[in-house]
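Structural overview for review
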Amino acid sequence: MDIAARIRATGDSAGRTDNKNRFVCKVKCQGCREYIFSDEDLSGVEYVKTKRGSEWFFHSGCIGQVWKRGIV
């Protein structure tokens, strides 16, 4: 699965383009609430699609905090 493509499809615009002239989008990490951009290294980013259709993005290190907080 291409996480960058999912971020571009569901995220908010960051107001810039990457080196391939694609719009860069951002989503908030559900654990630490920092922004995850579609043009950065996404090797440490996890993606979950819930039964209700919500799409969550979070850092691998924040997985313990995801279930403790409210949804952003």
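Residues numbered from 1 in each chain as written. Predicted model: local features only at pLDDT ≥ 70, side-chain atom pairs only at ≥ 80, totals over all residues. Heavy atoms only, no water.

1. Structural notes on the overall build of the protein chain
- Scanning the protein chain from N- to C-terminus turns up 2 helices and 5 strands.
- When the helices and strands of the protein chain are read in sequence order from the N terminus, they spell out α-β-β-β-β-β-α.
- For 72 residues, the compact-globule formula gives about 11 Å, and the C-alpha radius of gyration of the protein chain, at 12 Å, lands near that figure.
- Considering only C-alpha atoms, the protein chain reaches an extent of 35 × 25 × 20 Å along its principal axes.
- Counting the 72 residues in the protein chain, one finds 31% classified as buried. (Helix = DSSP H or I, 4+ residues; strand = E, 2+ residues; numbered from the N terminus. Rg over C-alpha atoms; globule rule 2.2 N^0.38 Å. Buried < 20%, exposed > 50% of the residue type's maximum accessible area, 1.4 Å probe, protein only.)

2. Brief notes about helix α1 (residues 3–10)
- Within the span of α1, buried status applies to I3, A4 and I7. With its buried residues spanning 105° around the axis, α1 presents them on a single face. (Arc of directions from axis to C-beta.)

3. Concerning the layout of surface pockets
- Taken as a whole, the largest pocket holds about 150 Å³ of empty space.
- Lining the largest pocket are T10, G11, D12, K26, V27, K28, Q30, Y35, E55 and F57.
- Broken down by secondary-structure element, the contributors of at least two residues to the lining of the largest pocket are β2 (23–28) and β5 (55–59).
- Among the elements that make up the lining of the largest pocket, the one with the highest residue count is β2 (3 residues).
- Grouping the amino acids of the lining of the largest pocket by side-chain chemistry returns 3 nonpolar, 3 polar and 4 charged. (1 Å grid on protein atoms, 1.4 Å probe; cavity = no way out; pocket = protein on both sides within 12 Å on 5 of 7 lines; lining within 4 Å. Points joined across faces, edges and corners; volume = space filled by probe spheres on them. Nonpolar A, V, L, I, M, F, W, Y, C, P; charged D, E, K, R; others polar.)

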